[in-house]
Each structure stands twice: as C-alpha cells, then as structure tokens.
Amino acid sequence: MTQKSKKALCLDYLEKYAEKDLESIKAMFSENIVLRDWKIRVEGKEKAIDETRKNFKAADSIAIDVLSVYENKDTVAAELKITVNTTEELYVVDVITLDSHQKIKSIRAYLGRGDD
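The model shown is predicted, which means the values in this text are computed figures rather than measured ones. Per chain, the residues get numbers from 1 upward, laid out in the order the sequence is written. This being a predicted model, a pLDDT of at least 70 is required before a residue's local features are given, and a value of 80 or more before pairs of side-chain atoms are given or counted; all residues contribute to the totals for chains, interfaces and linings. With hydrogens and water set aside, each side-chain value is computed from the structure's full complement of heavy atoms.

Colleague: Which residues make up the sheet that holds strand β1 (residues 29-36), and what are the values?
Modeller: Whether two strands pair comes down to DSSP finding at least two bridges between them. Strands are runs of DSSP state E lasting at least two residues, helices are runs of H or I lasting at least four, and both sets are numbered from the N terminus onward. Spatial ordering of the open sheet is given by β2-β1-β6-β5-β4-β3, a layout of six strands whose pairing is mixed. Single-partner strands in this sheet number two, and they are β2 (41-43) and β3 (62-71). Across the sheet, the mean angle separating the axes of adjacent strands is 20° when strand polarity is ignored. Whether two residues are in contact is decided by their heavy atoms: any pair within 4.5 Å suffices. To obtain an axis, a line is fitted to C-alpha atoms, over the contacting stretch when the element is a helix, and the angle between two such axes runs from 0 to 180 degrees between their N-to-C directions. Its contacts with the sheet place helix α1 (residues 6-18) against β1, β3, β4 (75-84), β5 (88-98) and β6 (104-111), and it is angled at close to 170° to β3. Helix-sheet contacts for helix α3 (residues 45-58) involve β1, β2 and β3, and the interaxial angle to β1 is about 55°.

So, in structure tokens, the structure goes:
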C-alpha cells in the first residue's frame, strides 16, 4: 500500500474539516493528539474531538482556502483563509505533525491577519 504524502494527509484533514465530517477527522487523529490554538489546549483524542465538535456546532458553514503549504519530514504548515458563516474571515497557520502511522499527533493553530 502506498502511503500518502504528509501534504496530502493535511489537505485531506482540511477538506474534512470544512465539510464538518467529524467521523473522518476522528479516524485521522492519533490517540495522544495535542490540539492547541489561540484559545485552548487539549490532549487526547476524545478531548480533541470534543473541541472540534464544538467548533462545528458554532458554525453553520466553514470554507477553507489553502493559501500555501510547507512540508518537512513529519510536519506540514498550511497558511489558510477560513471563512465562517460566509462573513467571518480568519487567517490561520496550522502546523500539523504526523506520526509514523500517518495519524495526526498534533495541531498547532496560529491566528494572524489578512493583508488588507
């Protein structure tokens, strides 16, 4: 079986996030995932899924435009423009680290601003 690239796995995750597909995301997370952004930090798959579920419930729609992607040995950084409910724009960098089983072991999200 051919392994997907880290970049492809990251893009798959972002696609499933925009679709609010919690079951697919759950399958992508490692058991010991660490999820951190500018508001929260949680450890463990169930807590990370709970936080993701909260985000999905708070948003009627999520659109993710990938502005650029950088990849190294086990980490992908993606510069994103996220539009929530068609009006709220967030500029975010997600730094996603994967384990040897191609599961997401950490997501660190950094909030930025647009160039406008």
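Colleague: Lay out unusual backbone geometry in plain terms, naming residues and giving numbers.
Modeller: Located in the positive-phi region is Lys 20, a residue other than glycine, with phi close to 60°. Of note, Lys 20 is situated in the loop between α1 and α2 (22-28). For Lys 20, a relative accessible area of 29% translates into the label partly exposed. We note that Gln 102 has phi near 65°; this positive angle belongs to a residue other than glycine. Burial classes follow relative accessibility: with a 1.4 Å probe on protein chains only, a residue under 20% of its type's maximum area counts as buried, one over 50% as exposed, and anything between as partly exposed.

Colleague: Tell me about the packing of aromatic side chains, residues and numbers included.
Modeller: Working definition: a ring pair exists when centres of Phe, Tyr or Trp rings (six-membered ring for Trp) sit within 6.5 Å. Plane angles under 30 degrees give stacked, over 60 give edge-to-face, the rest tilted. If you walk through the whole model with that rule in mind, you get three aromatic pairs. Look at Tyr 13 and Tyr 17: their rings are 5.9 Å apart centre to centre, the planes differ by 55°, and that puts the pair in the tilted class. Here Tyr 17 and Tyr 13 lie together in helix α1, a separation of four residues that amounts to about one turn. Its relative accessible area of 15% is what places Tyr 17 among the buried residues. A ring pair is formed by Tyr 17 and Phe 56, whose centres lie 4.9 Å apart and whose planes are at 70°; its orientation type is edge-to-face. Placement of Tyr 17 in helix α1 and of Phe 56 in helix α3 is noted, with a sequence separation of 39 residues between them. Across this residue pair, the class does not change: Tyr 17 and Phe 56 are buried.

Colleague: How would you explain the nonpolar core if you had to name every residue and give the values?
Modeller: By nonpolar core is meant a set of buried Ala, Val, Leu, Ile, Met, Phe, Trp, Tyr and Cys residues that side-chain atoms within 4.5 Å join together. Ranked by internal contacts, the top residues of the largest apolar core, which has 30 residues, are Tyr 13, Phe 29, Ile 82, Ile 104 and Ile 107. Mapped by element, the contributors of at least two residues to this core are α1, α2, β1, α3, β3, β4, β5 and β6. Ignoring sequence-local partners within four residues, the contact set of Ile 104 consists of Tyr 13, Met 28, Phe 29, Ser 30, Ile 33, Ile 96, Thr 97 and Leu 98.

Colleague: I'd love a proper account of the pairing of β6, names of residues and values included.
Modeller: The side chains of a regular strand alternate between both faces of the sheet. Bridge analysis of β1 against β6 gives four bridges, and the strand direction is parallel. Looking at the pairing, Val 34 lines up with Ser 106 of β6. Relative to β6, β5 runs antiparallel, the two sharing seven bridges. Bridging from a neighbouring strand, Asp 94 pairs with Ala 109 of β6. Here β5 folds back onto β6, and the loop between the two strands holds five residues, one of which, Gln 102, carries a positive phi near 65°.

Colleague: Which residues make up the environment of Lys 39, and what values do they have?
Modeller: Assignment of secondary structure puts Lys 39 in the loop between β1 and β2. For Lys 39, a relative accessible area of 71% gives the class exposed. Lys 39 sits 59 residues away from Leu 98 along the chain, and the two C-alpha atoms are 22 Å apart.

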